[in-house]
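Secondary and tertiary structure notes
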Amino acid sequence: MIEDNTPIFKVSQVAKHLKMSADRLRTYDEELLVMPIRENKVRLYSNNDIAWLENLREIIKKDKLSILGFKELLRVSYVLNDKEFNKFVSRQEEFSVWKIIAKMRTNPNYDKLRSFYLK
């Protein structure tokens, strides 16, 4: 069984799975929205990366949020501790971008990106 954090999927495979362009994936990487592992200049994604990207795409598509907007949401979520964040999310609408961010907080990518958003 493959671990969820094992990077084995190439850009083309992930793009096909997520029904998006490889260029969009590269943009997400360049914008520090995901950090795939690089082996000999080849980006490799894990199952955790794919789950992260699925949530990201849901936020961007359903809420019509820009990349910059998503980055700002991440910055806000990083400064709130778990108790503060859960209290905030519980006050939101039934479907809320914050409920998706709450799911993303359980993904290892959340902590992996933290240092880039708390500069």
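For every chain, the first residue of its written sequence is number 1, and the numbers climb from 1 along that sequence. Totals for whole chains, interfaces and linings use all residues, but because this is a predicted model, local features are given only for residues with pLDDT of at least 70 and pairs of side-chain atoms are given and counted only at 80 or more. Working from all heavy atoms in the structure, the side-chain values ignore hydrogens and water.

What follows covers the overall build of the protein chain. The helix count covers DSSP runs of H or I at least four residues long, the strand count covers runs of E at least two residues long, and both are numbered beginning at the N terminus. On a plain count of helices and strands, the protein chain comes out with seven helices and three strands. Within these notes, the globule rule equals 2.2 Å times the number of residues to the 0.38 power, and the radius of gyration is based on C-alpha atoms. Here the C-alpha radius of gyration of the protein chain, 14 Å, is about what a compact globule of 119 residues would show, namely 14 Å. On the principal axes, the C-alpha backbone points of the protein chain span a range of 45 × 30 × 25 Å. Relative accessible area decides the class of each residue, using a 1.4 Å probe on protein chains only: under 20% of the type maximum gives buried, over 50% gives exposed, and in between gives partly exposed. Here the protein chain holds 119 residues, and the buried ones make up 39% of them. The long-range fraction of contacts in the protein chain, counting pairs at least 24 apart against all pairs at least 6 apart in sequence, stands at 68%. Carbon together with sulfur atoms contributes 51% to the accessible area of the protein chain, which is approximately 7400 Å² in total. Between the mean site of the 23 positive side-chain charges and the mean site of the 17 negative ones, the protein chain shows a separation of 3 Å. Two residues form a contact once any of their heavy atoms are found within 4.5 Å. Each accessible area is a Shrake-Rupley result for a 1.4 Å probe, and residues are judged covered by the shown protein chains and nothing else. Counted as positive: Lys and Arg. Counted as negative: Asp and Glu. His and the chain ends are not counted at all. In this description, the location of a charge corresponds to atom NZ of lysine, CZ of arginine, CG of aspartate or CD of glutamate.

Turning our attention to the pattern of salt bridges. By convention in these notes, a salt bridge is any Lys or Arg side-chain nitrogen within 4 Å of a carboxyl oxygen on Asp or Glu. Enumeration over the complete set of coordinates arrives at eight salt bridges. The partner of Arg-75 in a salt bridge is Glu-72, and the shortest N-O contact between them spans 2.8 Å. Of this pair, Arg-75 and Glu-72 both sit in helix H4 (residues 67-79), three residues apart, which is roughly one turn of the helix. Its relative accessible area of 31% is what places Arg-75 among the partly exposed residues.

A few words now on helix H2 (residues 22-30). Regarding H2, the residues found buried are Leu-25, Tyr-28 and Asp-29. All buried residues of H2 lie within an arc of 100° about the axis, which places them on one face of the element. Across from the buried face of H2, at angles greater than 90 degrees, the exposed residues are Asp-23 and Glu-30. Where H2 is buried, its residues contact helix H1 (11-18), strand S2 (37-39), strand S3 (42-45), helix H3 (47-62) and H4. Remark: Leu-32 follows H2 within two positions and exhibits a positive phi of approximately 60°. Throughout, the arc means the angular range of directions from the helix axis out to the C-beta atoms.

Let us now look at the pairing of S3. Two faces, one strand: in a regular strand the side chains alternate between the faces of the sheet. In this sheet, S3 lies alongside strand S1 (residues 9-10) in antiparallel orientation, the contact comprising two bridges. Bridging from a neighbouring strand, Phe-9 pairs with Tyr-45 of S3. For two strands to be treated as a pair, DSSP must find no fewer than two bridges joining them. The pairing of S2 with S3 spans three bridges and is antiparallel. When the bridges of S3 are listed, Ile-37 appears paired with Leu-44. In sequence, S2 turns back onto S3 through a hairpin of two residues, with Asn-40 there showing a positive phi of about 55°.

Ordered by their spatial adjacency, three strands build an open sheet running S1-S3-S2, and the pairing between neighbours is antiparallel. At either end of the open sheet lies a strand with only one pairing partner, and these are S1 and S2. Its contacts with the sheet place H3 against S1 and S3, and it is angled at close to 80° to S3. Axis lines are fitted through C-alpha atoms, for helices just across the contact stretch, and the angle between N-to-C directions can take any value from 0 to 180 degrees.

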